[in-house]
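Geometric and topological summary
Okay, here's what each chain looks like letter by letter:
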Amino acid sequence: MTTYAMPDEKGHFGIYGGRFVPETLMQAVLELGQAYDDAKNDESFQADLTYLLKEYVGRETPLYFAENLTKHANGAKIYLKREDLNHTGAHKINNTVGQALLAVRMGKKKIVAETGAGQHGVATATVCALLNLECVIFMGEEDIKRQQLNVFRMELLGAKVVSVTSGSRTLKDACNEALRYWVSNVTDTHYILGSVMGPHPFPMMVRDFQSVIGKETKQQYNEKFGKNPEAIIACIGGGSNSMGMFYPFVEDSEVKLIGVEAAGHGIDTEQHAASLTKGKPGVLHGALMYLLQDDAGQIQEAHSISAGLDYPGVGPEHSYLKDIGRVQYESITDSEALDALKLLCRLEGIIPALESAHAVAYALKHAQTMSQNESIVVCLSGRGDKDVQTIQANMKEALE
Amino acid sequence: MNRIEKAFHSLKEKNGKAFVPYLMAGDGGLDQLLEQLIFLESCGATAIEIGIPFSDPVADGPAIQEAGIRSLQLGTTLKGVLSAIQTIRPIVSTPLILMTYMNPIYAYGIGSFIHDAVKAGIDGCIIPDLPIEEEELIASHLQDANIELIRLVTLTSPIERIEEIAKKGRGFLYAVTVTGITGARTEFNTSVAEYLKNIKSVSPIPVLAGFGISTPEQVVELGSYCDGVVVGSKIVQFFHEKKLNEIEHLIAASKTADVS
């Protein structure tokens, strides 16, 4: 592959993407596209963004050689891109800083967002506090139970958290409610969508804001070794950390790109979140993308131990990259992810988020198929503090 | 001439106002559909919107969301609805318009969907998550099949865009009267009258107001600024509560609307 120029001007990645939203939102979506194009080419906007990413978020994040993990895997060298060391503990803030600056630039004073695990909600509430924006976060009732600490963090930061009791009461339904809220408050409110999903320009814009991960990785690895790593592995829910990691490497055909979905209890059960592995194309939340759905086109509930991967769709660009075969998509079960999480704690003293543990788990498998002269970079997208209660409950259950 | 065009043509001759009720297919069981359609026809509905339930209806408020859940729990599918309509079509002469989100159609397969919709005698389609930017996916296929794609315009659409949409428009133009989702409103923004008059002035096809309309007074008032109204959530609620006389009152109000 030499040149890659996606999406087209209407936001299509091949057949995927687009702007499948109610007419009430179209003007806002078109204006956002225009505002983002202007901001992208505006040096002062880029300077503000770079400043906040460095001074506030704490970039750049280290590219850490996990020597003990490498010895354990007994194969390729494993490097961890430490997005868990960002302010608020995950990659999510790369995007919320960018979008909040854009909202200010557009004169919007109010922000709405959805959240699953709560990481995007916390990252949104954080920048809203910083930039003095009013903030409403929609979160599924189930997720609120699973992530109580994050709910309190958002409230502490001044956000209003609204419990969503419709549907499966998880991320998908929080997206529905955030969209309904946006439809009703579109004139003064910007929607900070948390992943590479939704109507154009969101998938492109979120990818661009997150691509700081891949750009830094490329620079850091090249400074040390004068070349690119052989493989890059990242977990996929909606797909933002992986898209940000992969995008700067898409044209480098020597780099193997592997996205890891959540297999939940197993992809041959009904309880998983492997949209690319088991889903088919359809329209949800503003875009055409791979979806878990029944034969009649009703969206099915996803399952993963990790709230951040618990979504029945995957961004349109991933859908496209799967079809053209540029990215390989694999899946990891709840128990494989838990094992990898424990291993990383013991071997490296790093507690990863359950989401990121899926990428670590696949990296351990994949390293063994590669030579010791080769390298894998894993996107360690978030830290696991938010998950310790889930992990504890799960370990107790396993003992009983 | 398509049945929708005919209906508006004869309405114009009588100087009447349109009333288009919406019902959720399969709410209370798909076996109720025939009776519901005959009832709405007997009340004088100009056309009838048949809603297809969807798991994630982002343009809809609680009344239609809940009706959709009830219907899905009874196993309603787009395929099942089309086959039910095909059976009862010879008995009902009112124009029938499907209102469905894009994904059930996409999962059906656009070609198969249109084939079965023609067989069922469907006259129009409203797809609330399909703006004109994406409509090439299906618009020309519908047109070839003589099924009208009813477009929506909203309070947030600039007048140039409304003109563009109106020009593409088929059947009637659906003017959304609230900045928000479906569901009863106690009052409307004062700018709605002007908005509807502006749309009327640029639209070559009839303009119907919809979203939030729930009382006979609103039917009369909003109808007076355009060619009639669409009522959804309230009809769905009255069917669910079996208050058929309330539905009669709402539709009757459109017959008394001031014709200007």
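The structure this text deals with has already been given above.
Thresholds, definitions, all that
Residues numbered from 1 in each chain as written. Chains lettered and ligands numbered in written order. Predicted model: local features only at pLDDT ≥ 70, side-chain atom pairs only at ≥ 80, totals over all residues. Heavy atoms only, no water. Helix = DSSP H or I, 4+ residues; strand = E, 2+ residues; numbered from the N terminus. Buried < 20%, exposed > 50% of the residue type's maximum accessible area, 1.4 Å probe, protein only. Contact = heavy atoms within 4.5 Å. Lys, Arg positive; Asp, Glu negative; His and termini not counted. Charge placed at Lys NZ, Arg CZ, Asp CG, Glu CD. Phe/Tyr/Trp six-rings, centres within 6.5 Å; stacked < 30°, edge-to-face > 60°. Buried area = accessible area lost by both parts, 1.4 Å probe. Salt bridge = Lys/Arg side-chain N within 4 Å of Asp/Glu carboxyl O. Polar contact = N/O pair within 3.5 Å; in protein donor to acceptor, adjacent residues only side chain to side chain. Nonpolar A, V, L, I, M, F, W, Y, C, P; charged D, E, K, R; others polar. Pairing = 2+ DSSP bridges. Axes fitted to C-alpha atoms, helices over the stretch in contact; angles between N-to-C directions. Core = buried A, V, L, I, M, F, W, Y, C linked by side-chain atoms within 4.5 Å. 1 Å grid on protein atoms, 1.4 Å probe; cavity = no way out; pocket = protein on both sides within 12 Å on 5 of 7 lines; lining within 4 Å. Points joined across faces, edges and corners; volume = space filled by probe spheres on them. Arc of directions from axis to C-beta.

What follows concerns the overall build of chain A. Helix and strand counts for chain A come out as 16 helices and 14 strands. Counting only C-alpha atoms and orienting by the principal axes, one finds that chain A spans roughly 55 × 50 × 45 Å. The burial tally for chain A puts 65% of its 400 residues in the buried class. Contacts spanning at least 24 positions in sequence make up 73% of the contacts within chain A whose residues lie at least 6 apart. Side-chain charges of chain A comprise 37 positive and 50 negative groups, with the mean position of each set lying 2 Å from the other.

This part takes up the packing of aromatic side chains. Residue and element names in this part refer to chain A. Inspection of the entire model under this criterion finds 17 aromatic pairs over all chains. Taking the centre distance of 5.0 Å and the plane angle of 35° together, the rings of Phe-65 and Tyr-79 count as tilted. One end of the pair, Phe-65, is in strand β3 (residues 63-65); the other, Tyr-79, is in strand β4 (residues 77-82), and 14 residues separate them in sequence. Seen in terms of ring centroids, Phe-138 and Tyr-181 are 5.6 Å apart; in terms of plane orientation they differ by 55°. Their pairing is tilted. Placement of the pair is Phe-138 in strand β6 (residues 134-140) and Tyr-181 in helix α8 (residues 171-184), with a sequence separation of 43 residues.

Residues and elements named next belong to chain A. Examined against the element boundaries, Gly-140 turns out to sit in strand β6. In sequence terms Gly-140 and Asp-268 are 128 residues apart; their C-alpha atoms lie 26 Å from each other. Not counting chain neighbours up to four residues away, the residues in contact with Gly-140 comprise Thr-115, Val-164, Arg-169, Thr-170 and Ala-174.

Contact with chain A, which involves 36 residues of that partner, is made by 35 residues of chain B. For the pairing of chain A and chain B, the buried interface totals around 2,800 Å² over both sides, and the portion due to carbon and sulfur atoms is 55%. Where chain A packs against chain B, one counts 2 salt bridges. Where chain A touches chain B, the interface holds 16 residue pairs in polar contact (both at pLDDT 80 or more). Breaking the side of chain A that touches chain B down by element, the ones donating at least two residues are β2 (16-20), α1 (23-40), α8, β11 (280-284) and β12 (286-291) of chain A. Take the side of chain A that touches chain B: its biggest share by element is 8 residues, from α8 of chain A. Grouping the constituent residues of the side of chain A that touches chain B by class yields 16 nonpolar, 12 polar and 8 charged.

This paragraph deals with the sheet that holds strand β14 (residues 375-380) of chain A. Residue and element names in this part refer to chain A. Here we have 6 strands laid out as an open sheet, ordered β3-β4-β14-β9-β10-β13, and mixed in their pairing. Looking at strand neighbours, the two that pair on one side only are β3 and β13 (327-333), the edges of this open sheet. Within the sheet, the average angular offset between the axes of one strand and its neighbour, ignoring direction, is 30°. Note that strand β9 (residues 231-235) and β14 share 3 bridges and pair parallel. Within the sheet, the bridge partner assigned to Ile-232 lies in β14 and is Val-377.

What follows deals with the packing of helix α9 (residues 202-210) of chain A against helix α10 (residues 212-225) of chain A. All names here are of chain A. Viewed as axis vectors pointing N to C, α9 and α10 meet at an angle of 35°, and their least axial separation amounts to 5 Å. Contacts between α9 and α10 pair Asp-208, Phe-209 and Gln-210 from the former with Val-212, Ile-213 and Gly-214 from the latter. Considered class by class, the residues forming the contact of α9 with α10 number 3 nonpolar, 2 polar and 1 charged.

By size, the foremost hydrophobic cluster in this structure holds 190 residues, and its most contacted members are Trp-182 of chain A together with Ile-50, Leu-98 and Phe-113 of chain B. Ranked by residue count, the leading element in this core is α1 of chain A, at 8 residues. Beyond its immediate sequence surroundings of up to four residues, Leu-98 of chain B is in contact with Ile-50, Ile-52, Leu-78, Leu-82, Ile-85, Phe-113, Ile-122, Gly-124, Cys-125 and Ile-126 of chain B. In terms of nonpolar packing, the next biggest core, distinct from the first, is built from 38 residues, Val-260, Leu-338, Ile-350 and Leu-380 of chain A among them.

Here we come to the layout of surface pockets. Residues and elements named next belong to chain B. Size it by volume and the largest pocket reaches roughly 560 Å³. Around the largest pocket sit 23 residues that line it, and Phe-8, Lys-12, Lys-200, Pro-206 and Asp-227 are the ones nearest its centre. Looking at which element gives the most residues to the lining of the largest pocket, the answer is helix α1 (residues 3-13), with 6 residues. Taken together, the residues that form the lining of the largest pocket break down as 10 nonpolar, 7 polar and 6 charged.

Residues and elements named next belong to chain B. Along helix α9 (residues 192-202), the residues that are buried comprise Val-192, Ala-193, Tyr-195, Leu-196 and Ile-199. Taken around the axis of α9, the buried residues stretch over an arc of 165°, which confines them to a single face. Facing away from the buried side of α9 by more than 90 degrees, the exposed set consists of Glu-194, Lys-197 and Ser-201. Packed against the buried residues of α9 are β6 (152-153), α8 (159-168), β7 (173-176), β8 (207-210) and α10 (216-224).

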